[in-house]
Structures are given as C-alpha cells and as structure tokens.
Amino acid sequence: MTAYKKKPTPYLLLFSIICLLGIGILMVYSSSAIYANTYNRSNFYFFNRQLGFVGLGILLFFVVIKYPYQKYRSWIPVLLGICFVALILVLIPRIGHEVGHAKRWFRIAHFSLQPSELLKIAILLWGADFLDRKHAYLAQFSRSLFPASIILGVYCVLLLAQPDFGTAVLLVTTFMIMFFVAGGRKTHIFFSGLVISAIGSALVIFSPYRFRRIESFLTPWNDPTGSGYQLIQSLIAVATGGIFGKNLGNSTQKLFFLPEAHTDFIFAILAEELGFIGVCIVVFLVLLFLQQSLKIARHCKDRFGRNLACGIAALVTFQAIINMSVVLGIFPTKGIPFPFVSYGGSSLITMMILSGILFNIAVSNETQK
C-alpha cells in the first residue's frame, strides 16, 4: 500500500525570506527618510513604495506557487523574446530612461521597470531547460557549452550596451555554476572562464568609463571627492558601525554623505546602524536561503527542477555576495542591489517570483513510500 506524505513546507526558507524583507523595509525607511525630504516628499515616501512592492511581490509569490513549475518550460521562448525586444527598446532615446549615463529602465508614470530583472528569470528557466535537454551531451563542448555561450553572449552584449556589466557577470557566473552542478566538464568551465576573463579585461582596458571605475576602486583616496567618493563613504559607514552599531536611525553617512543610500549601498547603512552583529544576522539569513534552496534541489525528482533550484540559489547568493563585496571595497561598483533588502520594485518582485518558484519545486516533489 502506498502512503503519501504531506507536502513539505520549507519553513526555514520562508523564515529567511520574511526576515530579509522585514530588515529591508526597516532599512529603506531609515536610510531614505531624510533623502525624501529634499524632494519635498514625506519621510515615508520610499518606505510606502517599498511596502507596495513587497505587497505585489507577495501576491506574485502565491500566484507562482499555484502554477506547476514544469509548465514554465512552455513560457521560455516567450520570455526570451520579450527580454530581447525590451533590451533593445531600452537603448532607444525617449523610450528608455537614462540615469547616470546608463540606459537600463523604462519609465512609466512614477515607476521604473528594469528589463534585466526579467532577464534573470528567463535565463534561469532557459538554463535549467537547456541543461536538462542536453544532459546526455554535457561532455561535448560543441553540443552543450558552445551553443549556450552563443545565446548568453547575445543577451550579454545587449546588457553591456546599457551598460550593465554587473548583471552580465552575474548571469554568466550563475549559468556556469548550473552547468557544473548538472555534470558539465571542469576543463570546459576552466577554459571558458579564461576566455570570459580575457573578454572582460579587454572591455575594461578599452572602455574609459570602466577603466576609471577600476582605477577609483583600486585607489579611491587619489580622488576622494570625485570617483572615489562613494566607496570611501561606504567604508566609513561600515567602519564606524563597530560591533553593535549606532542603533537604527542614527546613521551619519545617510545625511547626504553616501549618495542614495537606500538602493545599492543600503548594506553600508545597515552595517553602520546595526553593526557587525547586524551584518552577521543578514549573512546568516542569506546562507540559510542558500542551504534551504540546495536542500530543495537535492530532493527534487526531475533534472529541470533540480537545475532551476540550483540556479536560483546561485543567483540570489552570488548577487548578495557582489553587493556586499562592492560595499566593502572588494569588488568595483556594479549597481547590483541586495536581494530582498535594497529599495526597488523590479529587483524585489524578481526575487519574490524566484522564491515562489523554489516553493513550487519544494511542494511539488513530496516523496512517496
């Protein structure tokens, strides 16, 4: 007689997501209230918008849970097509919205949409499906990594045109991790890494914009009021937080020293106000998300779901690592938000959709005895 176990609920994964969302809401308010005042807006302007993004994200989270993840495979060509068109349109003047010489957004009323966030979902679904279909040929470079590199390369070129070097690096690294976990050959990954590194180096050397960014990253004190200003202010925020921090709301760097601290550099304000203890809590929550995601992947009964869960785990974790590394001066500035914590609708909603897919995989793969 077959006994069916109750569908498991990944409570610890849910716990990590809720805690990160809660910390994000608190830190968005703390880091943006004074900044909002300079634009004659309420102290709660960015806080209220973030709450709205969280609400929409939760709604989409539950929608995604109800839709069997295997059926997302039929959506892959549509999503890739939408992303391709959107990434071209965003480069066209008067259609795409430009901020700081970067063309990454569509501006609709008072909201901005970033097509590269949708691309993250599309690439993860495509990568999981591709590695499943090509599973028998993963040892053959010409039938696995080579065609995948062409598809990834097309989207990376569009990202670099914005320019959005950070997202391109994030997506390529995530796919290579998925390829490795799926059973790809280490030699193919190694030599592909060399080629990618060479291309990346060339892009930096022959691009004055990127070269200046690397230069300011290596020697920020050479131009403390110019190109090195943001990194220096970020390091000051982290250093002055100490062990226990200055307490919530008491940051000095958010007083117009660290530009737009509620977005990509919110982790610096968190370190200043909550200290090393707060940083450890956030790192623990990210690692808990990773551990629970890999647990879901390990217990998944089909390759597509397993690949997808591993990809989500890699993307979310690596994005958090990039953000923290930028704040701490380990990586050059990338414009990558902290998952679930940084202010921004496109990023937050993407994270909630990916979390919903993870839950979908978990509850759809209960074991039978």
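In the block above lies the structure referred to throughout.
Residues numbered from 1 in each chain as written. Predicted model: local features only at pLDDT ≥ 70, side-chain atom pairs only at ≥ 80, totals over all residues. Heavy atoms only, no water.

K.L.:
Explanation requested: a nonpolar patch on the surface in the structure shown.
P.N.:
Together, Phe-84, Val-85, Ile-88, Leu-89, Ile-92, Ile-95, Phe-141, Phe-146, Ile-150 and Val-154 line one region of the surface with nonpolar side chains, adding up to about 790 Å² of accessible area. No other element matches the four residues that helix H3 (residues 76-89) contributes to the nonpolar patch. With respect to the element layout, Leu-89 can be found in helix H3. With relative accessibility at 32%, the residue Leu-89 sits in the partly exposed group. (Patch = residues over 30% accessible without salt bridge, like charges linked within 9 Å, V, L, I, M, F, W, Y side chains within 5 Å. Areas by Shrake-Rupley, 256 points an atom, 1.4 Å probe, with all protein chains shown as cover. Salt bridge = Lys/Arg side-chain N within 4 Å of Asp/Glu carboxyl O. Helix = DSSP H or I, 4+ residues; strand = E, 2+ residues; numbered from the N terminus. Buried < 20%, exposed > 50% of the residue type's maximum accessible area, 1.4 Å probe, protein only.)

K.L.:
What should I look at first to understand empty space enclosed by the protein in this one?
P.N.:
To locate leftover empty space, one rolls a probe as large as a water molecule over the atoms. By the definition in use, this model includes two cavities of 30 Å³ or more. By volume, the largest cavity amounts to about 40 Å³. At the level of secondary structure, the elements contributing two or more residues to the lining of the largest cavity comprise helix H10 (266-299) and helix H11 (303-327). No other element matches H11, which puts three residues into the lining of the largest cavity. Class assignment for the residues of the lining of the largest cavity results in eight nonpolar, one polar and no charged. Considering only enclosed or pocket space, the second largest cavity measures out at about 30 Å³ in volume. In this structure, the second largest cavity is lined by Asp-264, Phe-265, Ile-322, Asn-323, Val-326, Thr-333, Lys-334, Gly-335 and Ile-336. (1 Å grid on protein atoms, 1.4 Å probe; cavity = no way out; pocket = protein on both sides within 12 Å on 5 of 7 lines; lining within 4 Å. Points joined across faces, edges and corners; volume = space filled by probe spheres on them. Nonpolar A, V, L, I, M, F, W, Y, C, P; charged D, E, K, R; others polar.)

K.L.:
Got a minute to help me understand the environment of Leu-285 in this structure?
P.N.:
Tracing the sequence through the fold places Leu-285 in helix H10. Between the alpha carbons of Leu-285 and Ser-31 there is a distance of 21 Å; along the sequence they are 254 residues apart. Setting aside its immediate chain neighbours within four residues, Leu-285 contacts Phe-15, Ser-16, Cys-19, Leu-20 and Ile-23. (Contact = heavy atoms within 4.5 Å.)

K.L.:
Just to check I follow, could you spell out the side chain of Ser-31 for this structure?
P.N.:
Turning to its location among the elements, Ser-31 is positioned in helix H1 (residues 11-37). Looking at Ser-31, the relative accessible area reads 3%, which means it is buried. Not counting the four nearest positions on each side in its chain, Ser-31 is found in contact with Lys-254, Ala-261, His-262, Ile-266 and Ile-269.

Everything listed here is a matter of geometry and, on its own, says nothing about what the molecule does.
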